[in-house]
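Structural overview
Take a look at the letters that make up each chain.
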Amino acid sequence: MEKQVFIFDTTLRDGEQVPGCKLNTKEKVALALQLELLGVDVIEAGFPISSPGDFESVSEIAKIIKDATVCGLTRAVQKDIEVAGAALKGARRPRIHTGIGTSDFHIKAKFNTSREEILRRSVQAVKWARQFTDDVEFFAEDAGRTDNDYLAQVVEAVIAAGATVVNIPDTTGYCLPEQYGAKIAFLMNKVPNIDKAILSCHCHNDLGMATANSISGVINGARQIECTINGIGERAGNTSLEEVVMVLKQHKDLGLFTRIKTPMLNPMSRLVSETMRVPVQPNKAIVGANAFSHSSGIHQDGFLKDAQTYEIISPEEVGAEGSKIVLTARSGRSALAYRFQKLGYDFTRDDIDVLYEQFLAVADRQKEVEEENLHELAKAHKVATVAAH
């Protein structure tokens with residue numbers, strides 16, 4: 001039987017921490033409504049105590065969202081938690097996301113304290129949060145570099161205190177997929193009350209492994225992935241929502257599924273890119289401009305015979321405009337014939353042989369041969385053919 005992986009979207013919180021991506025309340029509400037339509041299970045709406053504007057955004061989103069859980073972030077500080085509780089008052093499904101650093105890097109350098117004190121503060125934060133909602137998520141910041149035995153001790157204690165979800169962040173993107181998966185497996189096997197909570201993956205992309213780590217996490221027993229549209233986020237970004245969703249959809253043998261409506265992925269990507277004013281890199285998986293473009297002659301020939309030779313996902317499945325045959329100096333005759341046919345020309349193989357030599361001359365002069373160039377080549381070829389007869 002398939003098991004659900006809950007999608008926790010933090011575009012409006014972690015994604016907004018990118019320099020220049022500050023959103024106003026109206027923009028946040030508009031994006032939150034679209035995230036709900038997309039099928040996101042949890043929307044992390046913001047960090048209420050951080051500013052009056054963020055408090056207002058979380059409060060307005062809490063009032064308007066009907067199906068998804070609305071989440072507010074806090075530190076393990078009583079005032080933070082009280083403010084988050086107030087901001088989430090209007091939510092049908094409120095969640096407080098509280099936590100503290102658990103790695104020795106954080107305990108010693110950031111807090112100048114002891115493991116025992118961090119454990120005490122972790123439990124206290126969950127107890128405070130439970131006064132406002134039954135749905136409390138605890139994050140063990142820098143869990144990726146936290147000693148596994150101590151991490152298990154923290155996880156057990158916060159679940160006993162009432163945490164319903166425990167977030168295991170690879171805050172610095174340090175872990176290898178094997179290491180992160182092993183950490184989740186260790187917790188699943190060693191924490192006696194682990195059946196009382198969901199483990200969550202929150203992976204950063206500093207070494208380009210956020211998606212791989214998140215997938216490794218759910219393979220090993222985690223049941224929530226924290227991610228953002230387009231992988232937007234601090235430094236090198238967060239786990240990309242569209243990537244993990246499509247990995248799980250493609251690899252049905254994993255027995256895992258999400259509620260995400262995948263035909264909305266590309267439109268959602270464009271909306272976030274435009275609203276946050278951050279372009280999507282052309283080679284970005286699933287939603288990049290080149291994700292379904294083919295320019296190599298070998299690839300184009302295979303694709304035209306059977307799309308599945310070079311596309312494991314159909315563009316329509318993720319709401320993309322369609323596959324593109326891009327004509328460059330690397331393109332072959334079959335691609336050229338295909339593009340001429342799409343423009344309404346009915347050329348023979350002999351015609352294409354002649355046109356191909358002329359096409360290569362144009363392709364060597366410019367990066368891409370456009371429709372306008374093809375019309376010019378076709379017109380010149382017809383004139384030459386008439387003259388020859």
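Before reading on, note that the structure itself is shown above.
Residues numbered from 1 in each chain as written. Predicted model: local features only at pLDDT ≥ 70, side-chain atom pairs only at ≥ 80, totals over all residues. Heavy atoms only, no water.

Per the secondary structure count, the protein chain includes 14 helices and 12 strands. With respect to the three principal axes, the spread of C-alpha positions in the protein chain is 90 × 40 × 40 Å. Residues classed as buried in the protein chain amount to 53% of the 389 residues present. The contacts of the protein chain with a sequence gap of at least 6 include a subset with a gap of at least 24, amounting to 73%. (Helix = DSSP H or I, 4+ residues; strand = E, 2+ residues; numbered from the N terminus. Buried < 20%, exposed > 50% of the residue type's maximum accessible area, 1.4 Å probe, protein only. Contact = heavy atoms within 4.5 Å.)

It is worth spelling out the pairing of strand S8 (residues 198-203) at this point. S8 sits mainly inside the fold: five of its six residues count as buried. In the sheet, strand S7 (residues 165-170) pairs with S8 via six bridges, with the strands oriented parallel. Of the residues in S8, the one forming a bridge with isoleucine 168 is cysteine 201. Taken together, S7, helix H7 (residues 177-190) and S8 constitute a β-α-β crossover, and its handedness is right-handed. With helix H8 (residues 210-219) bridging S8 and the parallel strand S9 (residues 224-227), this β-α-β connection has right-handed handedness. (Pairing = 2+ DSSP bridges. Right-handed = clockwise from strand over helix to strand, strands pointing away.)

Reported here for the largest pocket is a volume of approximately 480 Å³. Residue lining of the largest pocket: 25 residues in total, with Arg13, Leu73, Lys110, Phe139 and Glu141 positioned closest to the centre. Where the lining of the largest pocket is concerned, the elements lending two or more residues are strand S5 (94-101), strand S6 (136-141) and S7. Counting residues per element, the lining of the largest pocket draws most heavily on S5, which supplies four residues. Its residues assigned to classes, the lining of the largest pocket shows eight nonpolar, nine polar and eight charged. A volume near 360 Å³ is recorded for the second largest pocket. Surrounding the second largest pocket, 24 residues form its lining, Asn230, Gly231, Ile232, Gln281 and Lys284 being those nearest its centre. Broken down by class, the residue content of the lining of the second largest pocket amounts to 10 nonpolar, 11 polar and three charged. (1 Å grid on protein atoms, 1.4 Å probe; cavity = no way out; pocket = protein on both sides within 12 Å on 5 of 7 lines; lining within 4 Å. Points joined across faces, edges and corners; volume = space filled by probe spheres on them. Nonpolar A, V, L, I, M, F, W, Y, C, P; charged D, E, K, R; others polar.)

Of note, threonine 275 is situated in helix H10 (residues 265-276). Threonine 275 has contacts with Leu23, Glu27 and Leu31, leaving out every residue within four places of it along the chain.

Let's shift gears to the pattern of salt bridges. Applying the stated rule across the entire model yields 25 salt bridges. Taking the shortest distance from any N to any O, the salt bridge between glutamate 60 and lysine 63 comes out at 3.3 Å. Residue glutamate 60 and its partner lysine 63 are located together in helix H2 (residues 52-64), separated by three residues, close to a single helical turn. Its relative accessible area of 31% is what places glutamate 60 among the partly exposed residues. The partner of arginine 130 in a salt bridge is aspartate 134, and the shortest N-O contact between them spans 3.6 Å. (Salt bridge = Lys/Arg side-chain N within 4 Å of Asp/Glu carboxyl O.)

Turning next to the side chain of threonine 11. Structurally, threonine 11 can be placed in the loop between strand S2 (6-9) and helix H1 (25-38). Look past the residues within four positions of threonine 11 in its chain and what remains in contact with it is Glu16, Cys227, Thr228, Ile229, Ile232, Val272 and Met276.

When the terminal C-alpha atoms of H2 are compared, their 19 Å separation across 13 residues agrees well with the 18 Å that a helix rising 1.5 Å per residue should span. Those residues of H2 lying buried are Asp54, Ser57, Val58, Ser59, Ile61 and Ala62. (Expected span 1.5 Å × (residues − 1).)

Turning our eyes to something else, we now look at the sheet that holds strand S3 (residues 42-46). If you trace the eight strands once around the closed barrel, you get S2-S3-S4-S5-S6-S7-S8-S9, paired in parallel fashion. In this sheet, neighbouring strand axes are inclined to one another by 25° on average, regardless of whether the strands run parallel or antiparallel. Looking at chain direction, S3 and strand S4 (residues 69-73) are connected through four bridges and run parallel. If you follow isoleucine 43 over to S4, its bridge partner there is valine 70. Against the sheet, H1 engages S2 and S3, with an angle of about 170° to S3. Relative to S8, H7 is tilted by about 160°, and along the sheet it contacts S7 and S8. (Axes fitted to C-alpha atoms, helices over the stretch in contact; angles between N-to-C directions.)

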